Amino acid sequence: MAFNRIFNFSAGPSMLPEEVLQIAQKEMLNYNGSGMGVMEMSHRSKVYDEIIVAAQAQMRKVMNIPDNYKVLFLQGGATLQFAMVPMNLMTVNGKADYVVSGSFSKKAAEEAAKYGNVQIAASTKSENFTRVPQQNELKLDPEADYVHICYNNTIYGSVFNYIPETGNVPLVADMSSCIMSEPIDVTKFGVIYAGAQKNVAPAGLTIVIIREDLLERTPKEYTPVMMNYKTLAEKNSMYNTPPCYSIYICKLVMDWLLNMGGLEVMQKRNTEKAALLYDVLDNSKLFKPTVEKQNRSIMNVTFRTDDDELNAKFIKEATARGMSNLKGHRAVGGMRASIYNAVPTEGVRALAEFMKEFEANNK
Ligand SMILES: *Cc1c(COP(=O)(O)O)cnc(C)c1O
């Protein structure tokens, strides 16, 4: 690893591929002979247009996004989507089904309730979100305008082990912490959205992938223009200045993903990385995984000991060895290792080894 970089297990913003950062460094002052850096370019210039067009085309390739879906590059984070989704889509029958499987889906439901009738289709809150509701637990309303899920629960470290079957009701998914970690059948979704700062780019960019027919639902009289999916789609995410530099890094990350062999290869790599940690957890008397087996995330691995002081000691000693940001979210406590695409296998292996060593030293 170059320049004493640490193993960074941050939940987001998080590691970017070193190769990408090196290209960005090389091009920082003079992009492709233009005599200026990407941060300094007009978003309406020809040189920048090539970047945003390529970012979108490469993303379509990486995720195998069908032609009847639009890819939008927006701002405001996934959190703004908690409002934009109902503003644009909860407009036919004025009601939507929300599956609550963690903090972010709960927030999404609360935000949506400002715009219409939010029906909680299922929740695992009473079980402290140690698993994700299964299909047979979902109380779905065939008249709902959409069904909303958070596919990977960043804070709790759980993931859907299935794609909910919702009949003709469009499925909307927050995929902030798992987008492009494995292949996903986009056609099963009406909308996929993600803050880019976990797996794709620096903060500032929000990706929205939306099926074209859903663009017709927006009430245009009073929807703010910057929250109107249809306008943003018609203007190719250029109604105003887009997050230019994040989109450029996103483009470099798409190149990187394609060079790596695409999402099948990433899935294999990510599954192997996660298994290094879950194997230690399953064979440990000290550390306990916090999520039921069928819903374990391969992006955010959560675990703890039964002793808060020992948790703190683990985090401190790991940090001293160059493994940072392992403290769990305050809602869960314990530890969380976020092991997104860009976290190298050697970093995860180092953490797994340290866990074993720590257990041996703290019997
Ligand atoms: C990080 C995260 C969010 C919040 O994203 P912002 O871009 O900060 O608004 C929402 N949902 C999930 C699943 C996340 O991981």
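Our structure is the block above this text.
Everything in this summary refers to the structure shown in the same document. (Residues numbered from 1 in each chain as written. Predicted model: local features only at pLDDT ≥ 70, side-chain atom pairs only at ≥ 80, totals over all residues. Heavy atoms only, no water.)

### Digging into the side chain of Thr-166
Tracing the backbone through its elements, the reader meets Thr-166 in the loop between strand 7 (158–159) and strand 8 (171–174). Take Thr-166: its relative accessible area is 12%, and that puts it in the buried class. For Thr-166, the side chain forms a polar contact with the main-chain oxygen of Val-169, separated by 2.6 Å. Not counting residues within four places of it along the chain, the set of residues in contact with Thr-166 comprises Leu-140, Val-147 and Leu-171. (Helix = DSSP H or I, 4+ residues; strand = E, 2+ residues; numbered from the N terminus. Buried < 20%, exposed > 50% of the residue type's maximum accessible area, 1.4 Å probe, protein only. Polar contact = N/O pair within 3.5 Å; in protein donor to acceptor, adjacent residues only side chain to side chain. Contact = heavy atoms within 4.5 Å.)

### Things to note about helix 6 (residues 244–260)
Over its 17 residues, helix 6 extends 24 Å from the first C-alpha to the last, a length consistent with the 24 Å expected when each residue adds 1.5 Å. The buried fraction of helix 6 is high, at 14 of 17 residues. The positive-phi residue at the C-terminal boundary of helix 6 is Gly-261, with phi of around 115°. (Expected span 1.5 Å × (residues − 1).)

### Thoughts on unusual backbone geometry
That bond from Gly-12 to Pro-13 is cis: its omega, -10°, falls within 30 degrees of zero. You can see Pro-13 is positioned in the loop between strand 1 (7–8) and helix 1 (18–27).

### What to know about the pattern of salt bridges
With the rule as written, the count across this model stands at 20 salt bridges. Where Glu-212 meets Lys-70, a salt bridge forms, and the shortest distance between an N and an O atom there is 3.6 Å. With a gap of 142 residues between them, Glu-212 in the loop between strand 10 (206–211) and helix 5 (229–234) and Lys-70 in strand 2 (residues 69–74) connect regions that are remote in the sequence. For Glu-212, a relative accessible area of 31% translates into the label partly exposed. Of the residues examined, Lys-70 reaches a relative accessible area of 30% and is grouped as partly exposed. Overlapping salt bridges, with partners in common, bring together Glu-127, Arg-131 and Glu-137 in one network. (Salt bridge = Lys/Arg side-chain N within 4 Å of Asp/Glu carboxyl O.)

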